[in-house]
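Geometric and topological summary
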Amino acid sequence: MAIISILSVNVIAPLITMFEMEFSLSVWVYVLKVIPFIWPCVIALVLLTYKPAAWLTEKIVAKNDSFKAHITINIMCTVFLMSIFLTIIGTWIGQHHISIEPIQYFFYKWPRNVAISFAVECFFAQPIARIVMYKLHKSTDVQKPQTHWKAHTQDAQKHGWKYSMTDK
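First, a word on scope: everything that follows refers to the structure included in this document. The structure displayed is predicted, hence computed values, not measured ones.

**Quick notes on the overall build of the protein**
Regarding its fold elements, the protein presents seven helices and zero strands. From first element to last, N terminus to C terminus, the protein shows the α and β order α-α-α-α-α-α-α. Looking at the protein residue by residue over its 168 residues, the buried ones come to 33%. When contacts within the protein are restricted to residue pairs at least 6 apart in sequence, long-range pairs at least 24 apart make up 64% of them. Carbon together with sulfur atoms contributes 70% to the accessible area of the protein, which is approximately 10,900 Å² in total.

Shown next as structure tokens:
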């Protein structure tokens, strides 16, 4: 979670702000100063949207669908829910005050924000995090070769998901 949140916050926040203001070094530096205040909100929202995203995932994905399908849809649901909240909360943090403005312009700004969030997650944050986790698990698997696959298979069976070593 830390890898994804670091990558996401450091790319999504500057992109959204630069689309809002302008693409310049001064805007990027400003966003870097605000990110330490946005990041805890992102972590809190990940934890708060976990159960609603899981509920949405259950409504979209069939119980016997693959493990990858469940994970992918869950990620999409989490990003969707977080983008709703961060379109408002992120503006308040960036402007250093609470106002009605992000709520008034929500339906104008949110589609762009969710598109940027989905793009960054799909093409940048998730692939890098998967590579890092794969290498981490691979180094762990060398020490305990059967533990990793047994744990994933047992977890998948517990939830009724199809899961195999060839499910890539």
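**Some thoughts on helix α1 (residues 2-20)**
For α1, built from 19 residues, the straight-helix expectation of 27 Å at 1.5 Å per residue is met to within 8% by its first-to-last C-alpha distance of 27 Å. Burial in α1 covers these residues: Ser5, Leu7, Ser8, Val9, Ile12, Ala13, Pro14, Ile16, Thr17 and Met18.

**Brief notes about the packing of helix α3 (residues 50-60) against helix α4 (residues 67-95)**
Two numbers describe how α3 lies on α4: the axes approach to 8 Å, and their chain directions differ by 130°. Relative to α4, the element α3 lies oblique. For the pair α3 and α4, the sense of crossing is right-handed. Across from Pro52, Ala53, Ala54, Leu56, Thr57 and Ile60 in α3, the residues of α4 making contact are His70, Ile73, Asn74, Cys77, Thr78 and Leu81. Of the residues belonging to the contact of α3 with α4, the class tally is eight nonpolar, four polar and no charged.

**Here's the deal with the packing of helix α2 (residues 25-48) against α4**
Contact pair α2 / α4: the axes reach a minimum separation of 10 Å and the direction vectors enclose 145°. The handedness of the crossing between α2 and α4 is right-handed. Residue-level inspection shows Tyr30, Val34, Phe37, Ile38, Cys41, Val42, Leu45 and Val46 of α2 in contact with α4, the latter providing Met82, Phe85, Leu86, Ile89, Ile93, Gly94 and Gln95.

**What to know about the packing of aromatic side chains**
Each aromatic ring pair is described using two quantities: the centre-to-centre distance and the angle formed by the ring planes. Under the counting rule described, the total for this entry stands at four aromatic pairs. Here Phe106 and Phe107 contribute two aromatic rings whose centre-to-centre distance is 5.1 Å and whose plane-to-plane angle is 85°, an arrangement assigned as edge-to-face. For Phe106, a relative accessible area of 11% corresponds to the buried category. For Phe107, a relative accessible area of 71% corresponds to the exposed category. Taken together, the ring pairs connect Phe80, Phe106, Phe107 and Trp110 into an aromatic cluster.

**Description of the environment of Lys51**
By the secondary structure assignment, Lys51 is in helix α3. Taking the relative accessible area as the measure of exposure, Lys51 reaches 66% and is therefore exposed.

Reading the values: rules and limits
Starting from 1, residues in each chain are numbered consecutively following that chain's sequence as written. Residue-level local features of this predicted model are given only where pLDDT is at least 70; pairs of side-chain atoms are given and counted only at 80 or more, and the full residue set underlies all totals for whole chains, interfaces and linings. Working from all heavy atoms in the structure, the side-chain values ignore hydrogens and water. Numbered from the N terminus, helices here are DSSP runs of H or I no shorter than four residues, and strands are runs of E no shorter than two. For each residue, the accessible area found with a 1.4 Å probe, counting protein chains only, is set against the maximum for its type, and the residue is called buried under 20%, exposed over 50%, and partly exposed in between. Any two residues having at least one pair of non-hydrogen atoms within 4.5 Å are treated as being in contact. Here the accessible surface of atoms and residues is derived via Shrake-Rupley with a 1.4 Å probe, and residues count as covered only by protein chains that are part of the display. What a helix is expected to span follows from its residue count: subtract one and scale by 1.5 Å. Here an axis means a line fitted to C-alpha atoms, over the contact stretch when the element is a helix, while the angle between two N-to-C directions is reported on a 0 to 180 degree scale. Oblique is the label for any angle not under 35 degrees, not over 145, and not in the 65 to 115 range, which are roughly parallel, roughly antiparallel and roughly perpendicular in turn. Each crossing is labelled by how the near helix is turned from the far one, with a counterclockwise turn of less than a right angle marking it left-handed and a clockwise turn marking it right-handed. In the scheme used here, Gly and all other residues not listed as nonpolar or charged are polar, with Ala, Val, Leu, Ile, Met, Phe, Trp, Tyr, Cys and Pro taken as nonpolar and Asp, Glu, Lys and Arg as charged. Here the aromatic set is Phe, Tyr and Trp, taking the six-membered ring for Trp, and pairing holds for ring centres within 6.5 Å; pairs whose planes are under 30 degrees apart are stacked, those over 60 apart are edge-to-face, and all others are tilted.

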